[in-house]
Amino acid sequence: QVHLVESGGGLVQPGGSLRLSCVASGSIISINAIDWYRQAPGKQRELVARITSGSRTNYADSVKGRFTISRDNAKNTGYLLMNSLKPEDTAVYYCNAAVLTTTKYEYSYWGQGTQVTVSS
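Each value, and the rule that gives it
- Residues numbered from 1 in each chain as written.
- Predicted model: local features only at pLDDT ≥ 70, side-chain atom pairs only at ≥ 80, totals over all residues.
- Heavy atoms only, no water.
- Buried < 20%, exposed > 50% of the residue type's maximum accessible area, 1.4 Å probe, protein only.
- Helix = DSSP H or I, 4+ residues; strand = E, 2+ residues; numbered from the N terminus.
- Pairing = 2+ DSSP bridges.
- Disulfide = S-S within 2.5 Å.
- 1 Å grid on protein atoms, 1.4 Å probe; cavity = no way out; pocket = protein on both sides within 12 Å on 5 of 7 lines; lining within 4 Å.
- Points joined across faces, edges and corners; volume = space filled by probe spheres on them.
- Nonpolar A, V, L, I, M, F, W, Y, C, P; charged D, E, K, R; others polar.
- Contact = heavy atoms within 4.5 Å.
- Salt bridge = Lys/Arg side-chain N within 4 Å of Asp/Glu carboxyl O.

(A) Expanded view of the pairing of strand β1 (residues 3-7). Residues Leu4 and Glu6 line the buried face of β1, whereas the alternating positions His3, Val5 and Ser7 sit on a face that is not buried. Bridging between β1 and strand β3 (residues 18-25) involves five bridges; their strand directions are antiparallel. Across the sheet, residue His3 finds its bridge partner in β3, namely Ser25.

Given below as structure tokens:
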């Protein structure tokens, strides 16, 4: 069984920064893409950033130039560095990863979410 555990969320003032981490554990053979989603109250979950196994990245237009997604394969960890945070970035942020394990073909797993609140 694969578990994704997120950390790094919290309360930050506008213009501040946070770095989110997503650590995968379990009988992992490999991790393909790692995605970060967010969901604000009353809104649908949206894809914020994606990094492929080849470290190609994609970002939502709303965060381009401010957020940076990265990964450390040796640690089975994905990161989302968020700079110049705005109140509009307030949401629950979720990690999603496509994982191949010893007992299951590649499958998408979700983290529990971590709250990011940007407010003065």
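(B) Fine view of the state of the cysteines. The full count for this structure, using the stated rule, is one disulfide. Each sulfur in the disulfide pair Cys22 and Cys95 lies 2.1 Å from the other. Torsion about the S-S bond of the Cys22 and Cys95 cystine: about -80°, corresponding to left-handed handedness. Of this pair, Cys22 sits in strand β3 while Cys95 sits in strand β9 (residues 91-101), placing them 73 residues apart in sequence. Using a relative accessible area of 3% as the deciding quantity, one classes Cys22 as buried. Exposure remark for Cys95: the relative accessible area of 0% places this residue in the buried category.

(C) Region of interest: empty space enclosed by the protein. Summed over the entire model, instances satisfying the criterion amount to one cavity of 30 Å³ or more. Computed from the structure, the largest cavity encloses a volume of approximately 30 Å³. Around the largest cavity, the lining residues are Leu4, Cys22, Ala24, Ile31, Ile34, Asn76, Thr77, Gly78, Cys95 and Ala97. Mapped by element, the contributors of at least two residues to the lining of the largest cavity are β3, β4 (28-39), β8 (77-82) and β9. Among the residues forming the lining of the largest cavity, the class breakdown is seven nonpolar, three polar and no charged.

(D) Main features of the environment of Thr114. In this structure, Thr114 sits in strand β11 (residues 114-118). On the accessibility criterion, Thr114 (12% relative accessible area) is buried. In sequence terms Thr114 and Cys22 are 92 residues apart; their C-alpha atoms lie 9.9 Å from each other. Excluding residues within four positions of it along the chain, Thr114 makes contact with Glu6, Gly9, Leu20, Ala91, Val92 and Tyr93.

(E) Layout of the pattern of salt bridges. Scanning all chains against the criterion turns up five salt bridges. A salt bridge links Arg50 to Asp35, with the nearest nitrogen and oxygen atoms 2.7 Å apart. Pair noted here: Arg50 is in strand β5 (residues 46-51) and Asp35 is in strand β4, with a separation of 15 residues, a long-range link. Here Asp35 falls in the buried class, since its relative accessible area comes to 4%. Among the salt bridges present, the one from Glu46 reaches Arg38, with a minimum N-O distance of 2.8 Å. A relative accessible area of 5% places Arg38 in the buried class. Look at the salt bridges and you will find they share partners, linking Arg38, Glu46, Arg66 and Asp89 into a network.

Just geometry here; none of it tells us what the structure is for.
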